[in-house]
Amino acid sequence: MTRPDMISPAGSPRESALGRFASPVLLLAAMWVVQLVDAILPLSFTGFGIRSWDLSGLPGIVVSPLLHASWAHLIANSVPFLVLGCLVAVEGARRFWAVTAFSAVIGGLGTWIVNAPGALTVGASGLVFGYFGYTVMRVFAPGRVSHRILYAVIALIVIGLYGGSMLAGVVGVREGISWQAHLFGAIGGGLAAFAGRTSARRA
């Protein structure tokens, strides 16, 4: 008898494709709605982002992925967010939200600690890097050999498509871009690949 390779299944086999991919689509839609409201109202929401070394800025860890400095900022994040987010969501909505939480919290805390005091960080790029880190590290997480081979193929494709831009987002970024959010978001996503999993064994 084979034990499951996860403590809690990420998604039921009966979960429809619509149910799996609805989560990243809805989260991206929420970002666009927030940006639209921000453009209409006279006040700016970006002040609610992560303000480093400021205790009042800690709640920004939760809301900063929804906030963007401009339409160009949001548009630049949207396509990689949707592509990589849907790759994570293949394992189910629960797995998607778990990876999102790891990426947001670890990425946000790392940014709050490492960034310059008072620096303000907003944007979904930390989640994008988190999904990238998860997709790559999922290859090394416990699981069935067939699944790991499939994830290895997916990881190679993802690295080919986004590896260069991901590396550039951490090393040698221009002023005004938070490499801290990118780096720690990727670390959070990588750790999420191992969370709640245990090696498959035979009883």
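Structure shown above.
Residues numbered from 1 in each chain as written. Predicted model: local features only at pLDDT ≥ 70, side-chain atom pairs only at ≥ 80, totals over all residues. Heavy atoms only, no water.

**Q** Outline unusual backbone geometry, listing residues and values.
**A** Apart from glycine, the bulk of residues carry a negative phi angle, and the bulk of peptide bonds sit in the trans form. Positive phi is not limited to glycine here, since tryptophan 53 has a value of about 65 degrees. Structurally, the position occupied by tryptophan 53 is in the loop between strand S1 (50-51) and helix H2 (60-63). Under the relative-accessibility criterion, tryptophan 53 is labelled exposed at 57%. (Helix = DSSP H or I, 4+ residues; strand = E, 2+ residues; numbered from the N terminus. Buried < 20%, exposed > 50% of the residue type's maximum accessible area, 1.4 Å probe, protein only.)

**Q** I'd like a rundown of empty space enclosed by the protein, residues and numbers included.
**A** In the structure shown here, the tally under the stated rule is one cavity of 30 Å³ or more. Considering only enclosed or pocket space, the largest cavity measures out at about 120 Å³ in volume. Together, 15 residues line the largest cavity, and Ser64, Pro65, Gly108, Gly123 and Gly126 are the ones closest to its centre. Of all the secondary structure elements, the ones that give two or more residues to the lining of the largest cavity are helix H4 (93-114), helix H5 (125-137) and helix H7 (179-192). At five residues, the largest contribution of residues to the lining of the largest cavity is made by H4. Here the residues of the lining of the largest cavity are counted per class, giving six nonpolar, nine polar and no charged. (1 Å grid on protein atoms, 1.4 Å probe; cavity = no way out; pocket = protein on both sides within 12 Å on 5 of 7 lines; lining within 4 Å. Points joined across faces, edges and corners; volume = space filled by probe spheres on them. Nonpolar A, V, L, I, M, F, W, Y, C, P; charged D, E, K, R; others polar.)

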